[in-house]
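Examination of the molecular architecture
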Amino acid sequence: MKAADRCPGVLRPHSAEDGAVVRLRLPGGQTTAEVVSALSSLAETYGNPDLQLTSRAGIQLRGLPDPLPPGVARTLLGLGLLPSLPHERVRNIVASPLTGVTGGRADLRGLIHDLDHAIIAEPALAALPGRFLFVLDDGRDDVTDRPFDLGYRATDGRTGHVLVGGAALGFPVPIERAVDTLIELAVGFLQAQHTSGVWHVRELPDWITGIANLGPVPQPHPGAGCGTVGDLGAAAGVAVPLGLLTPAQAAALARVAPGPLVITPWRGVVVPGGAAGLAILAEAGLGTDPGSPWSVITACVGGPWCARSAGSTRAAAYDLAAAGRPPTRVHISGCERRCGAPSGDHRDILVRPEPAVSRSSGAGS
């Protein structure tokens, strides 16, 4: 029997050492400076002032009172972040963060919007596990290297492949059929997993093999998030140290570009139209150089926020960054659970009370 699905939301916060944690889904990481500024003000008013960016391109508020003050939910509703209360924990969509901004084989911003609305429109999908993940890749192959359940990878602006259980298996569909197909498959997954209690498509191999026209999909060379920091043509990309966006940094983002923002799955931010403001963003402490240590250093929340942590992962990360950019991706964990570890190859540092020890890691945990 699997443990209960404890993925937090607004209606069901997670109780941590520092208070309640609320996770907000931002399909495709698509948001605005206005929303980020409002969330930053909310965090300063009620809890930890830093906004925590997630590996699914969402935002967490930490250190909140438990139970939540009524003003928190009212503000989030007013910002449009809870368009369907029954579906709040299942709107998990990761997409190529530069889609429609620069490069890529197709602009998938409309597809992100349509998939989100289709999920909300299907009552049955409110029962999806909170860990279930959709990915939408615009053909640059930057988000299909992670574990996911259902996805779409564009071949061009008209066609692509629906992906099932990961990047290896799928079938071609025209882009106008992508959303309907993904919804049909998600409903089919729910029907198949009803008695098993599994969380992911890959855990139902018999159901996968029964999908019509399913076959191997040509494997691309994954981008692994490269190219989302620095000057991106008219846009700017920044690395947010440890994914913790301070009030001053949120204000700098709004000052540089008051319109759309995109949270990346690598806990950074893409600022469309923000290239001229790179110096302002750097002054606020955001990483604007593609060689920034913060583009390859991640960490779990660590102590004192998490009772399981043996020490401060944040302090260890800043010590590591001060020595310069590591030659490979590094993840710092406060305990053996290694929360937030990247899915690809990386060096794994486990914080101990005295001293810290490290070992090499492959796919992570």
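Report follows, based on the coordinates. (Residues numbered from 1 in each chain as written. Predicted model: local features only at pLDDT ≥ 70, side-chain atom pairs only at ≥ 80, totals over all residues. Heavy atoms only, no water.)

This part is about a nonpolar patch on the surface. On the surface, a nonpolar cluster with roughly 280 Å² of combined accessible area is contributed by Leu11, Leu77 and Leu85. Judged by its relative accessible area of 46%, Leu77 is partly exposed. (Patch = residues over 30% accessible without salt bridge, like charges linked within 9 Å, V, L, I, M, F, W, Y side chains within 5 Å. Areas by Shrake-Rupley, 256 points an atom, 1.4 Å probe, with all protein chains shown as cover. Salt bridge = Lys/Arg side-chain N within 4 Å of Asp/Glu carboxyl O. Buried < 20%, exposed > 50% of the residue type's maximum accessible area, 1.4 Å probe, protein only.)

Let us now look at the pattern of salt bridges. Summed over all chains, the structure comprises 10 salt bridges. With its nearest N and O atoms 3.3 Å apart, the salt bridge here joins Asp180 to Arg177. Residue Asp180 is classed as partly exposed on the basis of its relative accessible area, which comes to 39%. Among the ionic contacts, a cluster of salt bridges with common partners joins Arg177, Asp180 and Glu184.

Extensive coverage of strand β2 (residues 19-24) is indicated by the burial of 5 of its 6 residues. Here β2 pairs with strand β5 (residues 59-64) via 4 bridges, running antiparallel. By the bridge assignment, Arg23 is partnered in β5 with Gln60. (Helix = DSSP H or I, 4+ residues; strand = E, 2+ residues; numbered from the N terminus. Pairing = 2+ DSSP bridges.)

The next point concerns the sheet that holds strand β6 (residues 93-95). With respect to topology, 6 strands assemble into an open sheet ordered β6-β7-β8-β9-β10-β11, the strand pairing being mixed. Lying at the two open borders of the sheet, with one neighbouring strand each, are β6 and β11 (215-216). Taken together, the 5 bridges between strand β9 (residues 159-164) and strand β10 (residues 169-174) define a ladder with antiparallel strand orientation. In the strand pairing of β10, Val162 is matched with Phe171. Seen against the sheet, helix α4 (residues 178-193) touches β7 (134-137), β8 (150-154), β9 and β10 and runs at an angle of roughly 160 degrees to β8. (Contact = heavy atoms within 4.5 Å. Axes fitted to C-alpha atoms, helices over the stretch in contact; angles between N-to-C directions.)

Shape descriptors only; they carry no functional weight alone.
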